[in-house]
Structure formats: C-alpha cells, structure tokens
Amino acid sequence: MATLALKPTPEDISTAVNILRQGGIVAVPTETVYGLAADASNADAVARLYAVKGRPAFNPLIAHVNGPEMAAQEGDLSGKAGFCAGFYWPGPLTIVVPVAPGGAACELARAGLDTIGLRHPSHSVTHDIITRLGRPIVAPSANRSGRISPVTPQDVYEELGDDLDAIVDGGRCPLGLESTVVSFTGQEPALLRPGGVERAVIERFLGTPLATAETGSRPESPGQLSRHYAPNARLRLDAKTADGGEVLVGFGHLSGDYSLSPRGDLKEAAANLYPLLRYLDRHHDQIAIGPIPRHGLGEAINDRLQRAAARDEPC
Ligand code: TXA
Ligand code: MG
C-alpha cells in the first residue's frame, strides 16, 4: 500500500492515531528529527518497526510520552532523573531510567533491557498524537538503520518509501539533531549520546560532570555504534582544502563550496547538517568538511560527523 501523506489537521491526526491503534507505523515530526512511530505497547507493531528500519534487535527504542505523568508509569523518575524531566521537558532530552513495573511499553521496545529511554517531545503534533493514543509511542529516527536522520517528510519518504503506513507533515524539524541521551541507571548520570541539549548546560543544572559512556561494538547506547548517520559518499573531516574530486563544506571563516554556517553559528550548523549531507550525497562521491568547534552543540555535530565518516559496516 502507498504511504499516506497526512497534514497536521485534527482529521488527519485522528487518522494517524487510528493507524497506530491498529498496529500501524506512522512517521511523526519532532523538534529534533522525524520519528518512526508505533504504539509502544503493541509488540507486533514494534517488531515490524525494527524490521522496516533494519535495526539490530539489541538497540532499544525511546518511549515518547506526553509528560512526566505518563513517563512515571513507564520508568522510575525519582531523584535527579525526575529533576531533569521537570526542567528540560518538553524538549530534546532522553532520560534512561530503570523500567517501572506494569508500564505500557512492551519488552521488545526496550530490547529486553530492564531500563527504558523516555522523552517528552515538544512538537505539538506529536504531543497530540500521544495524548489521543493515551499511551507512549516508540519513535526511533525515521531512517534506515545507520543512515542519515530525516528532518522533512520528503526525507522520510526518500528513506522508507512505501514501507510505512503514513507520514504526518509537521514541517521541517527546527533542531535537526537528535536528543541528548542521559542515563540515570548507574552511580553517576552518564551521557550516552550528545544531542540537542548541550552537555555543559546539563552539568551546570545537575552540579556534577556527566560520565561518558563506553563506546564499542555493543555499547550501552547502541546509537553509539561506530558507523551511523552515514551518507554513501566518502566523508573526510577537519579538511582545510578540497583534494581532487572532493566537494568542500565550510564553517565560519572557511567558506568552501557550501557552508554549514557562514557566520560560524553552531545552532545553524546543526540544523543544516543532515539536509546538506543528504543533498551532497545525491551529487558527489567524496565530501570534505572543515573543522567544527567541539564546544556546545559542536560536541553532537562532531559525534555525528565522526560516525558518518567511519568506514566499518553498520550492524
Ligand atoms: O531526537 C530523538 O531522540 C529522535 C526523535 C525521533 O525523538 N529519536 C531517536 O531515536 O534518535 P533513535 O532510536 O534513533 O535513537 C535512540 C537512542 C539510541 O542510541 C538508543 O540506543 C538509545 O537512545 N536508547 C534508547 N533506550 C535506551 C536504553 N534503555 N538504554 C540505553 N540507551 C537507550
Ligand atoms: Mg537514529
């Protein structure tokens, strides 16, 4: 069946909710990137979602909620985790906590772990969808596993074609980079994935440094697999000039053939990163990218670029 193109109208949102209720898969907008949503309580729908994405079964999904109350039914939001939820939600922070007994999210959504990733997205369309469904949705980024995340409905269709049931058009995602993932399951809070909320801001809020999670072939947060967010083109980082055959992407003073942000603004660079990589991947085999500062949002941008440039196979 052809993928249904839905608008953010009340009627179309009802259609999206009905599709989810019947076990379907719907791409939904968030402030970070488009998510591929399924009813978190429906194991068959979640299994189909893993298959559509080609996602390894050991990589858990984030349960998206409509607020701290729904979140508290799914996970233990006591202590610092709840403190962060109260301050950063709705917004681009995913909080990993011990799973609560009797939560709606099925075991497969958590890849069998006894922890759960929870996020309250700020996009009003997806907030409405979750509220009308009455339970959490799982929503990994709506790309094939290992590929560039989509920030427009057109990107989603380019990634997944007719393998999903519907795409809800909520416009272009303003942030353009995934949420920050912080785990509260160890002794100290740990940063599992840098993202839309800067590390330093969370550290100031909590008053402690965030531990950095181990990476490797089966890391705690499998979004941290080495090759991820990747174009087909070969990517070279920290380039000052283009070598033969390369297109050069600049930042700030380094102008290049394209620029992530001519005025050297990391927020602008984050929003441009995936669309520019997606565009250049269509037209070029070799992309060189100039140095991007590592502070603030630069940590997440550099994290994505390093994984996009890694040549090992995604698993
Ligand atoms: O911004 C976002 O977070 C987007 C939008 C759609 O909300 N979603 C997203 O989902 O990026 P996904 O599945 O592409 O990335 C989720 C990350 C993965 O790295 C996963 O391993 C980690 O969160 N994660 C989820 N649950 C976890 C858990 N229980 N323990 C450790 N890591 C977890
Ligand atoms: Mg992803």
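Nothing here was measured: the structure is a model prediction, and the numbers come from that model.

Visitor: Looking at this structure, I do not really get helix H7 (residues 199-206). What am I missing?
Guide: Among the residues of H7, Arg 199, Ile 202, Glu 203 and Leu 206 are the ones counted as buried. Projection of H7 onto a plane perpendicular to its axis shows the buried side chains occupying an angular sector of 100 degrees, all on one side. Just downstream of H7, Gly 207 is the residue with a positive phi angle, here 75 degrees.

Visitor: Even after reading the chapter, I still don't get the packing of aromatic side chains, so can you show me in this structure?
Guide: Each aromatic ring pair is described using two quantities: the centre-to-centre distance and the angle formed by the ring planes. Enumeration over the complete set of coordinates arrives at six aromatic pairs. Note on Tyr 88 and Phe 205: the rings are 5.4 Å apart at their centroids and 80 degrees apart in plane angle, and the pair reads as edge-to-face. One end of the pair, Tyr 88, is in helix H4 (residues 79-88); the other, Phe 205, is in helix H7, and 117 residues separate them in sequence. Look at Tyr 229 and Tyr 274: their rings are 6.3 Å apart centre to centre, the planes differ by 10 degrees, and that puts the pair in the stacked class.

Visitor: Honestly, the sheet that holds strand S9 (residues 180-183) in this entry has me stumped. Any pointers?
Guide: If you walk across this open sheet you meet the 11 strands as S1-S8-S2-S3-S7-S4-S6-S5-S9-S10-S11, and the pairing is mixed. Sheet topology places strand S1 (4-6) and strand S11 (211-212) at the edges, where each strand pairs with a single neighbour. Summarising the sheet, strand S2 (residues 26-28) and strand S3 (residues 35-39) pair through three bridges and their orientation is antiparallel. Residue pairing in the sheet places Val 28 in a bridge with Gly 35 of S3. Its contacts with the sheet put helix H1 (residues 10-21) on S1, S2, S3, strand S7 (137-138) and strand S8 (166-168), and the angle it makes with S1 is roughly 135 degrees.

Visitor: Looking at this model, I keep getting lost on the nonpolar core. Mind explaining?
Guide: Nonpolar side chains in soluble globular proteins tend to end up buried together. Formed by 89 residues in total, the largest nonpolar core has its most connected members in Trp 89, Leu 93, Ile 95, Ile 129, Ile 287 and Ile 301. Top contributing element to this core by residue count: helix H8 (residues 266-283), with eight residues. Beyond its immediate stretch of four places on either side in the chain, Ile 129 contacts Ile 13, Ala 16, Val 17, Leu 20, Val 28 and Val 168. Val 181, Ala 190, Leu 192 and Ala 213 belong to the second largest nonpolar core, which has five residues in total.

Visitor: Would you mind going over the side chain of Glu 246 with me for this structure?
Guide: With respect to the helices, strands and loops of the structure, Glu 246 is situated in the loop between strand S12 (234-236) and strand S13 (247-251). Of the polar contacts made by the side chain of Glu 246, one reaches the backbone nitrogen of Asp 243; its length is 2.9 Å. Ignoring anything within four residues of it in the chain, the contact list for Glu 246 reads Arg 236, Thr 241, Asp 257, Gln 286 and Ala 288.

Visitor: Which parts of the structure should I look at to understand the pattern of salt bridges?
Guide: Opposite charge on two side chains permits them to pair, given that their charged atoms come into close proximity. If you walk through the whole model with that rule in mind, you get 20 salt bridges. For the salt bridge of Glu 31 with Arg 119, the shortest nitrogen-to-oxygen distance reads 2.8 Å. You can see Glu 31 sitting in the loop between S2 and S3 and its partner Arg 119 sitting in strand S6 (residues 115-119), a full 88 residues away along the chain. In this structure Arg 119 comes out as buried when scored by relative accessible area, which is 2%.

Visitor: Even after reading the chapter, I still don't get the pairing of strand S5 (residues 93-98), so can you show me in this structure?
Guide: The two faces of the sheet receive side chains in turn, since in a regular strand these alternate between them. Burial within S5 is extensive, with five of its six residues counted as buried. Here S5 runs beside S9; their pairing, made up of four bridges, is parallel. Along S9, the bridge assignment pairs Leu 93 with Thr 180. Relative to S6, S5 runs antiparallel, the two being bridged by four bridges. Counterpart to Val 96 in the pairing with S6 is Gly 117.

Visitor: Explain the confidence of the model for the chain here, please?
Guide: In low-pLDDT regions, the fine details of the predicted coordinates are not to be read closely. Looking at the chain as a whole, the pLDDT averages 94, with 95% of positions reaching at least 70. Scored below 50 in pLDDT, residues 215-219 shows 11 contacts in the model against residues more than four places distant or in partner chains.

Visitor: Please explain the environment of Asp 162 as it appears in this structure.
Guide: Inspection of the secondary structure puts Asp 162 in the loop between helix H6 (153-160) and S8. With relative accessibility at 38%, the residue Asp 162 sits in the partly exposed group. Measuring from C-alpha to C-alpha, the distance between Asp 162 and His 127 comes to 25 Å, with 35 residues separating the pair along the chain. Aside from chain neighbours lying at most four places away, what touches Asp 162 is Met 1, Ala 2, Thr 3 and Tyr 157. There is a polar contact of 2.9 Å between the side chain of Asp 162 and the backbone nitrogen of Thr 3. Reaching out from Asp 162, the side chain makes a polar contact with the side chain of Tyr 157 at a distance of 3.1 Å.

Scoring rules and cut-offs
- Residues numbered from 1 in each chain as written.
- Chains lettered and ligands numbered in written order.
- Predicted model: local features only at pLDDT ≥ 70, side-chain atom pairs only at ≥ 80, totals over all residues.
- Heavy atoms only, no water.
- Buried < 20%, exposed > 50% of the residue type's maximum accessible area, 1.4 Å probe, protein only.
- Helix = DSSP H or I, 4+ residues; strand = E, 2+ residues; numbered from the N terminus.
- Arc of directions from axis to C-beta.
- Phe/Tyr/Trp six-rings, centres within 6.5 Å; stacked < 30°, edge-to-face > 60°.
- Pairing = 2+ DSSP bridges.
- Contact = heavy atoms within 4.5 Å.
- Axes fitted to C-alpha atoms, helices over the stretch in contact; angles between N-to-C directions.
- Core = buried A, V, L, I, M, F, W, Y, C linked by side-chain atoms within 4.5 Å.
- Polar contact = N/O pair within 3.5 Å; in protein donor to acceptor, adjacent residues only side chain to side chain.
- Salt bridge = Lys/Arg side-chain N within 4 Å of Asp/Glu carboxyl O.
- pLDDT = per-residue confidence, 0-100.

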